[in-house]
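The residues making up each chain are set out below.
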Amino acid sequence: MVLKTEGVSKYFGDLRAVDNVDLEIEEGEIYGIAGPNGAGKTTLFDVISGLWPPSSGKVIFKNDIISGLKPYQICHKGIARTFQISTVFATLTVLDNIKIGAVFGAKTKKLDSSHINEIIEFLGIQNKKDTIAQNLELYTIKLVMLAAALATDCKLLLLDEPMAGLTIAEIDNFLQIIRKMNKEWGITIVIIEHLIDTLIDISDRIIILDGGKVIYKGLPEELTKDKKVIEVYLGKGEE
Amino acid sequence: MLNKIGWKKMAIWLSLLVIVLYPVFFHSNSYIMHIFILFFCWAVLASSWNLLFGYAGIWSLAQVGVFVIGAYSSGMMAKFTGISPLICIPLAAILTALIVTLFVGLPSLRLKGIYICVFSLMFADALPSVLTQTRKWTGGGRGFHDIPPLWNNISRVHYYYVGFAIFLISLFIIYKIVNSSTGKAFIALRDSRDFALSLGINEYKERLKVFALSSFFAGLAGAFYGHYLGHISPSSLGISPFLLAIAMMEMGGLGRFPGAVIGAVVLVFGSELLRLTGMSRLTILGAAVVLIMLFMPKGLMQIVDIIDNIKLRKNAIIK
Amino acid sequence: MSLLEVHEINSSYDNIQVLNKISLEINNSETVCIFGPNGHGKSTLLKVIYGLHRSSSGYIKYNGREITNLPSYEVIKMGIVYIPEERYLFPEMTVMENLNLGAYNLNARKDINKNREFVFHLFPRLKERKNQLCSTLSGGERRMVAIGRGLISSPAFLMLDEPSLGLAPVLKKAVFEKVQQIIEEVKITVLIVEQEIEYALKLADRAYMLKKGEIVFEREKENLNIEDIKKAYF
Amino acid sequence: MEMLGEAMISGIIMGSLFGAMAVGLTIIYGVIKMFNFAHGIIAILGAYLAWWLFSSVHLNLIGAIAFSFFLMLLVGILIFTLIIRVLLRTPRWPYSTIIASIGLGIFLQNLLLQIFGPRIKSMPVFFEGNIKVGGITIGWHEISLILIVLSLMLILRIFFKKTTLGNAMRAVAQSPEGAKIVGINTLKIFSYAYMMGIAVTGLSGVFLSTKCYVIPHRGWDWMVKGFIIVAFGGLGNVMGAYYAALLLGILEALVVTYVGTVWVWNFWFVSFLVILLIRPEGLLGGRMG
């Protein structure tokens, strides 16, 4: 087991954004998370990556309790994440964006340029290296975010709706990249995705959150047959 | 050939050449040389402030106070111990960085922007009363006099070149900091804070580092300033130097590298001009600070951008 | 003539194009639903109509007058009222003060007493709690305040963004009954964005399906089929 | 005992006066979320205008104060339209409003210095004479000041609770998005709040000038004091600023009486540190309730 949460909750005032969530993520898997707006998916990522400390519960990464650590400490343990909105460093070049991850995120603190080149080639952004990030189009921005996260030498990668706003062809490419990262680089991936069919396609296991709680946990194939899930997405209707 | 070197490099080398050669050709005009020496001090002060305020986004308003602390500590060290000022100046700069980081940096860096403003302003405000209460050593309100010169029988030309050296070294290092990973980290934090944090940037550590460095350079400039003038008084903590420095930083362009230097050129020579014409400097400066913010929010560096854009367009047409 | 005409609206957040040439029409006294997966532009569409978010091209007409990118304080004067999904209440003010601010625009001020009576008739609970601070209310009660505040703005055309979001099942049902009651008693035009498809279908005369910022289909009530909607979702 | 009593009274008086000044600052911050670094000078400007109207234009006392209040409203709208509104549109407005207001403050300070000269100005007391209560002497003027500030606070309270405009200001302070949704023109409310903040500050300057000497450069000390009071009472909390000012005023008077005047500034510095470390949101919470 690589990541485990034990009864993790996050309250904002009286709003229970994340409510008693238990997860066990195995090494090497792709773990999908879905749920309606306001279900607490991003907040869960924020808690795991340390931007918010949990209100209660524990986050355990490779037998260490990491809840309560600062974001940079968690990053140095080997957890990286991307964000839903395209948050790259707009005024830096693509290469500098990636270097931020490599210099500050990796434990060694030594700039390994061959590793950076490897990532850049892997994602196919060689010819964009010196472009200022704010001049990029959306798809490349998402790749740059991914590259910076990869440069931290992460073992676990949290992807927050990485495919929002992409065209169908781009989504296909992106899915391939995720699979390759997972298989060839051995990175465990947790992914939030709105499109259920895409999520079913990519994930080994899936959980569905609603109102901060886990309402489904299991294999992707059984997801669309689950009564509770259908209720969450299409409403209960009247009995 | 000219195009290859680039007009910016040309401008920089040309101005450096003018500065180096000025005393050789106009040896007699020591008034202009005096203003040049003041400019060296101010440019370092404003650039160090810009590093803190513009780049790192730490809204400290105590930088002139830091400059004065540098002047007092080097002056007192040299006068009371008899150690050569050439050694006292860097020592005082380190001491200043330590004092300021301890009393202002550590407590205020965990605060939000606006609180840092008020906190640092209070620190600077408290300095004159500290000087009054330590009158025995610091001379109190009348100031600290008879600060030893750098060496005996030193001439203004020598001060000129020493000042120039301090100016060059400081700016070179500030330039290096801005372009180092620390500098990039601040841009990253400014562009997208959450992503920067989750990529492993330890914000507190980076801020503390910049705080200490910028205090060091402000202290260095202050220390040299004290030895050059031979005296320093609490009036340097008044509103006029404060405003002058803030205007330099802003006029050059907040968070742009040589910006503060350009601001210092304009304001040091400009305010001498105003002094000569006998107009009320502070009223005009105060109004200028507001007007620049309104009409030229990116400062004089905007002109550099405009020239760059024109060049780009020209090149595009040629191609 | 249609009451609201949205013509080829484009809009984006950051670099992401959220709405892609959206066109729709809403007739007087109609109730129209917009369905679609999360994050595909439904809320943005309502915000663009209400002047809270800019559209980069296209136009919006209300009663034949162009209202594209008009600020919301102008839009509300024409009788368009938006009840957002995030509640945006004023937490340190009482229920009554929140409701009264609904009548901030001059058109609504003259009808404030009548409208407030109607809101209290609709949600007697709010009358009981009128002097309580909003930050102390439960989720369901806050939703009532949000809806009540919208109704006090004297809407002729009401836009509701997921009124049942985040509520317990019993409350969801109650909210839809209230919306039904509003439609029947006030006879206004309603545009509603909702995830609770079955409830929403009972209210709607017509529905649009919005996916990836585009209108996928538009159906009259008679031709609406929950299976089609499911297909678009999954 | 009498010493304690007199210290308390003088604390309440100074607390009331600085409370009135800090209220202007907190209104502006609460609604617009910007800090007015020219704040102290604005108070001084108010005092100077009243003094000029009284001693040079020869209006009577009430007329001078009322007219200076009106002039300060104009000053407020002028500054807002010409400077603040423009800067608020830029993405870096938290930076630029700070620097611009510092510049504005220094401009006004030196303008006042040039027009009126460096001599100390002060307004006459409102009422002569004093009374003795249990061995403590209190001037009628001081009593009137306490009551005036108290009624000013009551008026402000009623304004924020009962009037449409006051409610709209609170709405903008608590949720700008919510305010837009109910059809409030937030920029217009910003301008009203700014005008109001400036005018109240000017008024407080007039009151202050009846108790202490007024020279332009004192504004910076006043501003820093105002900030600490506002931080104590909770940023944007109007009544909080008043209560905090009373509390700090009394504590300051106790420090002066029992410890010594030299320590006053250190006392403010330490108070500020304490509040920042213990309750950064202020004693009474920050939102404009």
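To keep things clear, this report deals only with the structure shown in the data block. The structure presented is a predicted model; accordingly, all values stated were derived computationally and were not measured.

## Focus on the nonpolar core
Looking at soluble globular proteins, one finds that nonpolar side chains tend to be buried together. Judged by nonpolar contacts, the single largest core of 286 residues is most densely connected at Leu157 and Ile178 of chain A, Leu61 of chain B together with Phe37, Ile184 and Phe272 of chain D. For this core, the element with the most residues is helix H3 (residues 30-55) of chain B, which contributes 18 residues. With near-sequence residues (within four places) excluded, Ile178 of chain A lies in contact with Ile30, Leu159, Met163, Ile189, Ile191 and Ile202 of chain A.

## Re helix H14 (residues 281-295) of chain B
An ideal rise of 1.5 Å per residue puts 21 Å on 15 residues; H14 of chain B measures up with 20 Å between its terminal C-alpha atoms. Of the residues making up H14 of chain B, those classed as buried are Arg281, Leu282, Thr283, Leu285, Gly286, Val289, Val290, Ile292, Met293 and Leu294 of chain B. Packed against the buried residues of H14 of chain B are helix H12 (239-252) and helix H13 (259-277) of chain B together with helix H3 (61-88) and helix H4 (93-116) of chain D.

## Side note on the packing of helix H9 (residues 219-233) of chain D against helix H11 (residues 264-278) of chain D
Residue and element names in this part refer to chain D. Where H9 contacts H11, the axes come no closer than 10 Å and their chain directions differ by 35°. For the pair H9 and H11, the crossing hand works out as left-handed. Residue-level contacts link Asp221, Val224, Lys225, Ile228, Ile229, Ala231 and Phe232 of H9 to Trp265, Trp268, Ser271, Phe272 and Ile275 of H11. When its residues are assigned to classes, the contact of H9 with H11 shows nine nonpolar, one polar and two charged.

## Concerning the pattern of salt bridges
Within the structure shown, the criterion is met by 24 salt bridges over all chains. Asp46 of chain A is paired through a salt bridge with Arg81 of chain A; the nearest N and O atoms lie 2.5 Å apart. One end of the pair, Asp46 of chain A, is in helix H1 (residues 41-49); the other, Arg81 of chain A, is in strand S6 (residues 79-81), and 35 residues separate them in sequence. Classification of Asp46 of chain A by relative accessible area gives buried; the value is 12%. Judged by its relative accessible area of 0%, Arg81 of chain A falls in the buried class. Among the salt bridges present, the one from Lys211 of chain D reaches Glu142 of chain D, with a minimum N-O distance of 2.9 Å. Taken as a pair, Lys211 of chain D in helix H8 (residues 186-211) and Glu142 of chain D in helix H5 (residues 140-162) lie far apart in primary sequence, 69 residues in all.

## Observations regarding the interface of chain D and chain B
The partner chain B presents 33 residues to the 38 residues of chain D that form the contact. Its largest share of buried area at the contact with chain B, chain D owes to Tyr95, Ile99 and Phe269 of chain D, together 20% of the area lost on that side. Where chain D meets chain B, there are zero salt bridges. Connecting chain D to chain B are two residue pairs in polar contact (both at pLDDT 80 or more). The set of elements that each furnish at least two residues to the side of chain D that touches chain B consists of H3, H4, H9 and H11 of chain D. It is H4 of chain D that contributes the most residues to the side of chain D that touches chain B, 15 residues altogether.

## Structural notes on the interface of chain A and chain B
Each partner contributes to the interface: chain A provides 24 residues, whereas chain B provides 19 residues. Buried surface at the junction of chain A and chain B, summed over both partners, amounts to about 1800 Å²; 72% is from carbon and sulfur atoms. Three residues, Tyr72, Phe89 and Phe104 of chain A, lead the burial of chain A against chain B; their summed loss comes to 34% of the area buried on that side. Here Asp96 of chain A makes a salt bridge to Lys184 of chain B, at a shortest N to O gap of 3.4 Å. Inspection of the region where chain A meets chain B yields five residue pairs in polar contact (both at pLDDT 80 or more). Looking at the side of chain A that touches chain B, the elements with two or more residues in it are helix H2 (71-77), helix H3 (94-105) and helix H5 (138-151) of chain A.

The rules we used
- Residues numbered from 1 in each chain as written.
- Chains lettered and ligands numbered in written order.
- Predicted model: local features only at pLDDT ≥ 70, side-chain atom pairs only at ≥ 80, totals over all residues.
- Heavy atoms only, no water.
- Core = buried A, V, L, I, M, F, W, Y, C linked by side-chain atoms within 4.5 Å.
- Buried < 20%, exposed > 50% of the residue type's maximum accessible area, 1.4 Å probe, protein only.
- Helix = DSSP H or I, 4+ residues; strand = E, 2+ residues; numbered from the N terminus.
- Contact = heavy atoms within 4.5 Å.
- Expected span 1.5 Å × (residues − 1).
- Axes fitted to C-alpha atoms, helices over the stretch in contact; angles between N-to-C directions.
- Left-handed = near helix turned anticlockwise from the far one by under 90°.
- Nonpolar A, V, L, I, M, F, W, Y, C, P; charged D, E, K, R; others polar.
- Salt bridge = Lys/Arg side-chain N within 4 Å of Asp/Glu carboxyl O.
- Buried area = accessible area lost by both parts, 1.4 Å probe.
- Polar contact = N/O pair within 3.5 Å; in protein donor to acceptor, adjacent residues only side chain to side chain.

Structural measurements only, silent on function.
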